[in-house]
Structure formats: structure tokens, C-alpha cells
Amino acid sequence: MAAGSVAGAAAAQQADPLITELQDWASYTGVGVDEVPYGMPIEFEKHVVRRNVEWLTASPISSINFTPIHALDGTITPQGCAFERHHSGAIELRKEDYRLMINGLVEEPLVFTYEDIERLPRENHVYFCECAANTGMEWAGAQLNGVQFTHGMIHNMEYTGVPLRTLLKAVGADMSPDKWVYVEGADASSNGRSIPMEKALDDVLVAFKANGEALRMEHGYPVRLVVPGWEGNMWVKWLRRIEITDMAVESREETSKYTDVLEDGTARKWTWVMDAKSVITSPSPQMPITHGPGQMVISGLAWSGHGQITRVDVSKDGGISWETARLGKQGDTKALTRFYLDTEWDGAPMLLQARAMDDTGYVQPTKEQLRAERGENSVYHNNCIQTWYVNAEGIAENVEVS
Ligand code: MTE
Ligand code: CO
């Protein structure tokens, strides 16, 4: 490449009708401001949507779809393409019909309306929400050929809400450290979960806005729980009741589901925190390299339920050698961090990997390390290093290296 030239850019003297001829969009007027009161992405981007995998679940009512993380950049997930996970479908609940009851070990059980919650001091925070089942199909071997499907049970939004501790104080809850907070939703599944008091008093939010707007129906309109860094299942949508209890309830969602079966058949429970993880979103199976050898950007996402991402390394040779990536900006706590490796591709096949580190010193494990510790019976909490094989044509494929 000539000094000072930009990858792929053509010399200005070449005749290109897009440069030399008057185009339609400059010859006529465009769409008026009164025609689209609420904007959708332009039609050329209509492939950037949530997708589900039909064979994964028996019915789309108790199912999951996936965020198109291969096609997004930055860190904020637009609500319209942020993954959904329902156990009994998304429900339509009007603000006027919304009630939140807080009872159990409290001085005064209270019922809050939506308006009551809006009158309390609120905060804004960006957090990722990752389903514990994200990457869960990959334990036994490379399965799904797309980062949307292997890693797309995640979204990252700016939430506006009232700290849970504010509501607990309002009812005079017993806030001793050995108490538990049981939360449930208004949908048929109720999705009840027990949260230890220490977490409930720390950073949990009762949220009513995401990315500045009202929550979408599918994300719990009008009010959902935000449990930063902890598995998505605890982020109860359509939040309807909070009970202060002496003991964990041991509901379905924290016994038969959302526990991790180990090699010897015993199950780990209370594995709430989502450990540090990263993945390259481009190139990836849905994002081949289309431009040939030369200058390119390798990009991806990293996150940790324990805190901040401090460093991400990228390997082009399946983990033999590593280069440190550039973080798009200083990582937020318990939020997605974007990383970039600005690099040159020589056109040879690559085994691309990313490896995240967080501010606790934790390093994302290889698939081998994770299997050695957890066996292969698990579904949840797979945070291992992902490998994409990129061939000389730039086509990427989900593979495993050993
Ligand atoms: N809350 C209720 N009430 N019902 C549900 O089915 N699904 C849980 C959690 N909260 C669920 C729920 C699961 S498993 C996850 S991963 C997150 O919500 C997903 O949130 P999202 O649909 O906004 O992506
Ligand atoms: Co989930």
C-alpha cells in the first residue's frame, strides 16, 4: 500500500458514475418530516434483526431469540433487536394496571403503582444482561455457525430506575444480611427468583426505561428488575411482587433450572455472577471478510459480571500468539466493552480468538480449561474462548481447537 493511502480507496481521477454523474437522490426531494413519526432502520439494513433457532425449543412461546451482535458496533443494544427470553410469552400490561406488592418481613406491606415508582429518586446505569444459557449449545463441540446464535443471548442498555434498596427502605424491610429477597413477574411463568440481601442492597434497579425510552413489551414493560452482572434469569420482567424471606425460596428457576450439573452428576447452585467473556463479532460466520488482504479491523465485545474489562487480547493462530486489542472506550462496570484490533490481513487462513481480562485479575478460560473444571453435562455459564476459522477467501466458520 502506498504511503498515506487508505485501504481500498480508489484514486480520484478514475471515472466512477457515482462521483461524476448526478444521482436521483440529489435530483428530487426526499421524505418529509411528517411521514415517519417513529423511525425504523432503513430498508437496506432490514437483515439486522433478532433471529430464533426453530429446533432449539418446542414452541416459540417458551423460547429465545438472539441479538444480531455480528452486525452491531459500539456497545448499546437498540431495544428493537435486543434478544428476548420468555418462559410463557411476552405480556401486554398497561401502566394503569401495573401494581408492585412488597410483603414478607417488612414493617408495612405496600402496593406501588407505576406513578408511585416514578416519584422516587431515580438513577441511570448501563449494564449487560446475559442469559445463563448463552453459548450453552457449544459445550460438546462447535454447533451454531454464527456469533448471533453462539453469543447473542446478550444485550446492553442504559437503564433508568429506582434502586431496589429505596423500595425496601420504604416498606421497612428487615435488611439483615441473612435475609433473602424473592422477586416474581406478572406473566404466567412468574419466573420467581431469590436474591441474597447483600446484592439487593447493592446495585439492583427497579427499571422503567431503557436507552431513554419506555421498556419494550418483550423486555418487561412497564417495570423490570435489573440485576447487574448476574444471570439474565434473575432480571424479572413485568415485576409484580417482592417478598422479604428468611430463606431462599428454591423455586423451579433456581433448582431444576439455572443450576450447573457437574461431571459427577452433582449440581452447583447459586452461580449468579456471569464470569468474564469476550467474542469476536467481525469477522465471524455471518460477517465474512469481503475486501481481500490488506488493512482491516477485527472487532468484538467483552464483558464481566464482576466489574470492568481491563484488557482483551486477540489471537490469529488459535491461541499460540496474542496481540492486545484497543478498547473502544474505558470499560464500564458490568457493561459491554467494545474492542478493536486494527491490523493487516496477509490473506492466509486464521484461527481467530479473543480473551478477556477483568479488574479482579480473572482471565477468560479456554474450552479445555472450562471442561476440565465443569465436565460436559452443563448447559449454563459457558464463558470459554471462542474460535473462528477464517479461510483464504475470508469465509469464517465456528470451530474448536485443541
Ligand atoms: N421474567 C419473567 N417474568 N418471565 C420470563 O420468562 N425470563 C428471564 C428473565 N426474566 C423471564 C423473566 C430470562 S431466562 C432472561 S435471560 C431474561 O429475562 C431475558 O430478558 P429479555 O427478554 O429482556 O432479553
Ligand atoms: Co435466561
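### What about the overall build of the chain?
Secondary structure summary: the chain contains seven helices and 23 strands in total. Since a compact globule built from 402 residues should have a radius of gyration of about 21 Å, the 23 Å found for the chain is in line with a globular shape. Its C-alpha atoms give the chain principal-axis dimensions of about 80 × 60 × 40 Å. Looking at the chain as a whole, 50% of its 402 residues qualify as buried. Taking as baseline every contact in the chain between residues at least 6 positions apart, the subset at least 24 positions apart corresponds to 71%.

### Notes on the sheet that holds strand β19 (residues 326–327)
In space, the four strands of this open sheet follow the order β15-β16-β20-β19, with antiparallel pairing throughout. Of all the strands in the sheet, the pair left with one neighbour each is β15 (277–282) and β19. With two bridges connecting them, β19 and strand β20 (residues 337–345) associate as antiparallel partners. Paired with Arg326 across the strands is Tyr340, a residue of β20.

### Focus: the site of ligand 1
Taken together, the neighbourhood of ligand 1 is formed by 21 residues, with Phe83, His87, Asp187, Arg224 and Lys237 sitting nearest. Residue Arg85 places a main-chain N or O atom 3.0 Å away from an oxygen atom belonging to ligand 1. Between Lys237 and ligand 1, the recorded distance is 2.5 Å, taken from a side-chain N or O atom to an oxygen atom. Against a free-state accessible area of 540 Å², the protein chains account for coverage of 100% of ligand 1. Within the shell around ligand 1, the residues separate by chemical class into six nonpolar, nine polar and six charged.

### Side note on the packing of aromatic side chains
With the rule as written, the count across this model stands at nine aromatic pairs. Geometrically, the ring pair formed by Tyr258 and Tyr380 is stacked, given 4.7 Å between the ring centres and 25° between the ring planes. With a gap of 122 residues between them, Tyr258 in the loop between β12 (239–245) and β13 (260–261) and Tyr380 in the loop between α7 (367–374) and β22 (387–390) connect regions that are remote in the sequence. Its relative accessible area of 4% is what places Tyr258 among the buried residues. The buried category is assigned to Tyr380, whose relative accessible area is 11%. Chaining the aromatic ring pairs together yields one cluster made of Trp180, Trp230, Trp270 and Trp272. The ring centre of Trp322 lies 4.1 Å from the NZ or CZ of Arg355, which sits over that ring.

### With respect to the environment of Ile289
Position of Ile289 among the secondary structure elements: in the loop between β15 and β16 (294–303). The sequence separation of Ile289 and Gly394 amounts to 105 residues, and the corresponding C-alpha distance is 4.5 Å.

### Regarding the sheet that holds β12
If you walk across this open sheet you meet the five strands as β4-β3-β12-β7-β8, and the pairing is mixed. The open sheet has two edge strands with one neighbour each: β4 (110–113) and β8 (193–196). Pairs of neighbouring strands in the sheet enclose a mean axial angle of 20°, with direction left out of account. Summarising the sheet, strand β7 (residues 180–185) and β12 pair through six bridges and their orientation is antiparallel. In the sheet register, Tyr182 faces β12, and the bridge partner there is Glu243.

### Quick word on the pattern of salt bridges
Counted under the stated rule, the structure contains 26 salt bridges. Salt-bridge contacts for Lys329 lead to Asp332; the nearest nitrogen and oxygen are separated by 3.3 Å. In this structure, the salt-bridge partner of Arg371 is Glu376, at a minimum N-O distance of 3.7 Å. Residues joined by salt bridges that share partners form a network here, namely Glu184, Arg240, Arg241 and Glu243.

### Here we look at the environment of Ala354
In this structure, Ala354 sits in strand β21 (residues 350–358). For the pair Ala354 and Glu123, spaced 231 residues apart in sequence, the C-alpha to C-alpha distance is 33 Å.

### Notes on the nonpolar core
Counting 59 residues, the largest nonpolar core has Leu100, Tyr159, Leu168, Val181, Leu225, Leu239 and Ile242 as the members making the most contacts within it. With five residues, the single largest contributor to this core is strand β9 (residues 205–210). With residues near it in sequence (within four places) discarded, Ile242 still touches Leu100, Met101, Ile102, Asn103, Leu164, Leu168, Val181, Tyr182 and Val183.

### Observations regarding the pairing of β16
In regular strands, side chains alternate between the two faces of the sheet. When you tally the buried positions in β16, you get eight out of ten residues, the bulk of the element. Note: β15 against β16, five bridges, orientation antiparallel. Paired with Lys277 across the two strands is Trp303, which belongs to β16. Bridge analysis of β16 against β20 gives nine bridges, and the strand direction is antiparallel. Residue pairing for β20: Ile298 is matched across the bridge by Leu341.

### Details of the state of the cysteines
Applying the stated criterion across every chain yields a total of zero disulfides. In this model Cys129 remains outside any disulfide bridge; the closest cysteine sulfur is found in Cys131, 7.8 Å from its own. Cys384 forms no disulfide, and the closest cysteine sulfur to it belongs to Cys131, at a distance of 16 Å.

Criteria and thresholds
- Just so you know, the residues in each chain are numbered from 1, in the order the chain's sequence is written.
- Following the order in which they are written, the chains are lettered starting with A and the ligands numbered starting with 1.
- Where local features are concerned, this predicted model is filtered to residues with pLDDT of at least 70; where side-chain atom pairs are given and counted, the filter is 80 or more; whole-chain, interface and lining totals use all residues.
- Excluded from the side-chain calculation are hydrogens and water; included are all heavy atoms of the structure.
- Secondary structure elements follow DSSP: runs of H or I no shorter than four residues count as helices, runs of E no shorter than two count as strands, and numbering proceeds from the N terminus.
- The quantity called the radius of gyration is restricted to C-alpha atoms. Its globule counterpart is 2.2 Å times the number of residues to the power 0.38.
- With a 1.4 Å probe rolled over the protein chains alone, any residue whose accessible area is under 20% of its type maximum counts as buried; one over 50% counts as exposed, and the rest are partly exposed.
- Here, two residues are considered to be in contact whenever any of their heavy atoms come within 4.5 Å of each other.
- Any two strands between which DSSP finds at least two bridges are classified as paired.
- Residues are classed as near a molecule or strand on a simple rule: at least one heavy atom within 4 Å of it.
- In protein, a polar contact means a hydrogen-donor-capable atom and an acceptor-capable atom, both N or O and within 3.5 Å, with residues adjacent in sequence counting only if both atoms are side-chain atoms; elsewhere, any N or O pair within 3.5 Å suffices.
- Residue burial considers only the protein chains on display, and all accessible areas are found by Shrake-Rupley using a 1.4 Å probe.
- Side-chain classes are defined by residue name, with Ala, Val, Leu, Ile, Met, Phe, Trp, Tyr, Cys and Pro counting as nonpolar, Asp, Glu, Lys and Arg as charged, and the others, Gly among them, as polar.
- Stacked, edge-to-face and tilted labels apply to pairs of Phe, Tyr and Trp rings (six-membered ring for Trp) whose centres lie within 6.5 Å, assigned for plane angles under 30 degrees, over 60, and everything in between, in that order.
- Lysine NZ or arginine CZ positioned within 6 Å of the ring centre and within 35 degrees of the ring normal marks a charge as sitting over the ring.
- Think of each axis as a best-fit line through the C-alpha atoms, taken over the contacting stretch in the case of a helix, with angles from 0 to 180 degrees between the N-to-C directions.
- The salt bridge definition used is simple: a Lys or Arg side-chain nitrogen within 4 Å of an Asp or Glu carboxyl oxygen.
- By nonpolar core is meant a set of buried Ala, Val, Leu, Ile, Met, Phe, Trp, Tyr and Cys residues that side-chain atoms within 4.5 Å join together.
- For the purposes of this analysis, a disulfide is any pair of cysteine sulfur atoms at a distance within 2.5 Å.

Keep in mind these values describe shape, not function.
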